[in-house]
Amino acid sequence: MIEVYGLTKMFKNIKAVDNLSFKVEEGEIYGLLGENGAGKTTTLRMLATMLKPTSGTVIINGKNLIKEPEDIRKEVGILFGGESGLYDRLTARENILYFAELHDMDKKEINKKIDMLIRKFDMTGFIDKAASKLSKGMKQKVAIVRSIIHDPKVMLFDEPTSGLDVGSVREVHDFIRLCKEEGKTIIFSSHSMSEVEKLCDKIGIIHKGKLIEEGTIGDLKEKYKTDNLEELFMELVGDKVEV
Ligand SMILES: Nc1ncnc2c1ncn2[C@@H]1O[C@H](COP(=O)(O)OP(=O)(O)OP(=O)(O)O)[C@@H](O)[C@H]1O
Ligand SMILES: [Mg+2]
């Protein structure tokens, strides 16, 4: 379970994340929806201990992010869209190995796990090729395996489908659903309501760092008396709406 209370991040005088509070239950996919610059990546980077909050409290599976960052790192996996951040000169396998070693995993255990995941994600054809030689979709598969190699209970997805073709998008969506079936606690960020609608149990809309609306798809449709949530989202984050 993820509990976020008053999370705030200042970059000099810019409030990138502004007093954000929300909860995500085990086995739930929470959609963090917002336009470019809304604060999605900053929020997820803080939850993954990659960035220090300016203020606020985060509790992940009972552990405090500020006081026990090492424990949080074991609990959390993160997958970014766009640039996969792989080392070009290492092979796909070496990239995964390197990351697993950072998590202090046992070498034997890592190799067993990688073999299992290679089969699961159909990666035998390119696992020993240099990352620089891989297509975007292949790279994203390597990034997926890298994000779950330590078997985290919490998965964070930051626009994980950006730049992928229809087939690869489907594979990423299937992977997210699989994580849900396994009972993981999941946050999925996107700027597309239709994508979030497809996957998420609950949605939080953020605008200029603030949570301006939250609820299930059903809640929102009922509250605003509309079936067109994409349009609703545009209205909510449009400049004409004062928040
Ligand atoms: N390292 C940084 N230094 C200074 N400002 C930053 C930094 N990272 C993000 N920001 C600012 O914080 C705000 C939120 O950015 P963030 O990347 O979290 O948004 P986002 O919702 O992920 O947007 P996008 O959809 O474009 O990825 C923006 O105003 C951005 O310019
Ligand atoms: Mg972002």
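Residues numbered from 1 in each chain as written. Chains lettered and ligands numbered in written order. Predicted model: local features only at pLDDT ≥ 70, side-chain atom pairs only at ≥ 80, totals over all residues. Heavy atoms only, no water.

Caption draft 1: Layout of the overall build of the protein. Counting its regular elements, the protein contains nine helices and 10 strands. Compactness check: the protein gives a C-alpha radius of gyration of 18 Å against a globular reference of 18 Å for 243 residues, within 12% of the reference. If you line up the protein on its principal axes, its C-alpha atoms span 55 × 40 × 35 Å. Within the protein, the proportion of its 243 residues that are buried is 50%. (Helix = DSSP H or I, 4+ residues; strand = E, 2+ residues; numbered from the N terminus. Rg over C-alpha atoms; globule rule 2.2 N^0.38 Å. Buried < 20%, exposed > 50% of the residue type's maximum accessible area, 1.4 Å probe, protein only.)

Caption draft 2: Region of interest: the environment of threonine 226. As for its position among the elements, threonine 226 is in the loop between α8 (217-224) and α9 (229-237). Apart from residues lying up to four places away in sequence, threonine 226 is in contact with Lys221 and Leu232. (Contact = heavy atoms within 4.5 Å.)

Caption draft 3: Main features of the packing of helix α5 (residues 136-148) against helix α6 (residues 166-181). With their axes 10 Å apart at the nearest point, α5 and α6 run at an angle of 10° to one another. The angle between α5 and α6 falls in the class roughly parallel. Judged by residue contacts, Gly137, Gln140, Lys141, Ile144 and Ile148 of α5 engage Ser168, Glu171, Val172 and Phe175 from α6. Its residues assigned to classes, the contact of α5 with α6 comprises four nonpolar, three polar and two charged. (Axes fitted to C-alpha atoms, helices over the stretch in contact; angles between N-to-C directions. Parallel < 35°, antiparallel > 145°, perpendicular 65-115°, else oblique. Nonpolar A, V, L, I, M, F, W, Y, C, P; charged D, E, K, R; others polar.)

Caption draft 4: Representation of the sheet that holds strand β2 (residues 14-24) in the model. Read from one edge of the open sheet, four strands run β2-β1-β4-β5, paired in antiparallel fashion. Two strands close off the open sheet at either side, each with one partner strand: β2 and β5 (63-64). In this sheet, strand β4 (residues 55-60) lies alongside strand β1 (residues 2-11) in antiparallel orientation, the contact comprising five bridges. If you follow threonine 8 over to β4, its bridge partner there is serine 55. Across the sheet, helix α1 (residues 40-47) touches β1, β2 and β4, and the angle it forms with β1 is around 120°. (Pairing = 2+ DSSP bridges.)

Caption draft 5: Layout of the side chain of serine 189. By secondary structure assignment, the location of serine 189 is in strand β8 (residues 185-190). At 2.6 Å, the side chain of serine 189 and the side chain of aspartate 158 are in polar contact. The contact partners of serine 189, leaving out residues within four places of it in the chain, are Leu32, Lys40, Leu44, Phe157, Asp158, Glu159 and Pro160. (Polar contact = N/O pair within 3.5 Å; in protein donor to acceptor, adjacent residues only side chain to side chain.)

Caption draft 6: Summary view of the packing of aromatic side chains. The full count for this structure, using the stated rule, is four aromatic pairs. Aromatic side chains phenylalanine 121 and phenylalanine 175 sit 5.6 Å apart centroid to centroid with 70° between the ring planes, which places their arrangement in the edge-to-face category. Residue phenylalanine 121 is located in the loop between α4 (107-120) and α5, and its partner phenylalanine 175 is located in helix α6; the two are separated by 54 residues in the primary sequence. The exposure class of phenylalanine 121 is buried, given its relative accessible area of 11%. Among the aromatic side chains, those forming a connected cluster through ring pairs are Phe121, Phe157 and Phe175. Its guanidinium or amino end placed over the ring of phenylalanine 99, arginine 146 lies 5.6 Å from that ring's centre, counting from NZ or CZ. (Phe/Tyr/Trp six-rings, centres within 6.5 Å; stacked < 30°, edge-to-face > 60°. Lys NZ or Arg CZ within 6 Å of the ring centre and 35° of its normal.)

By themselves these figures say nothing about function.
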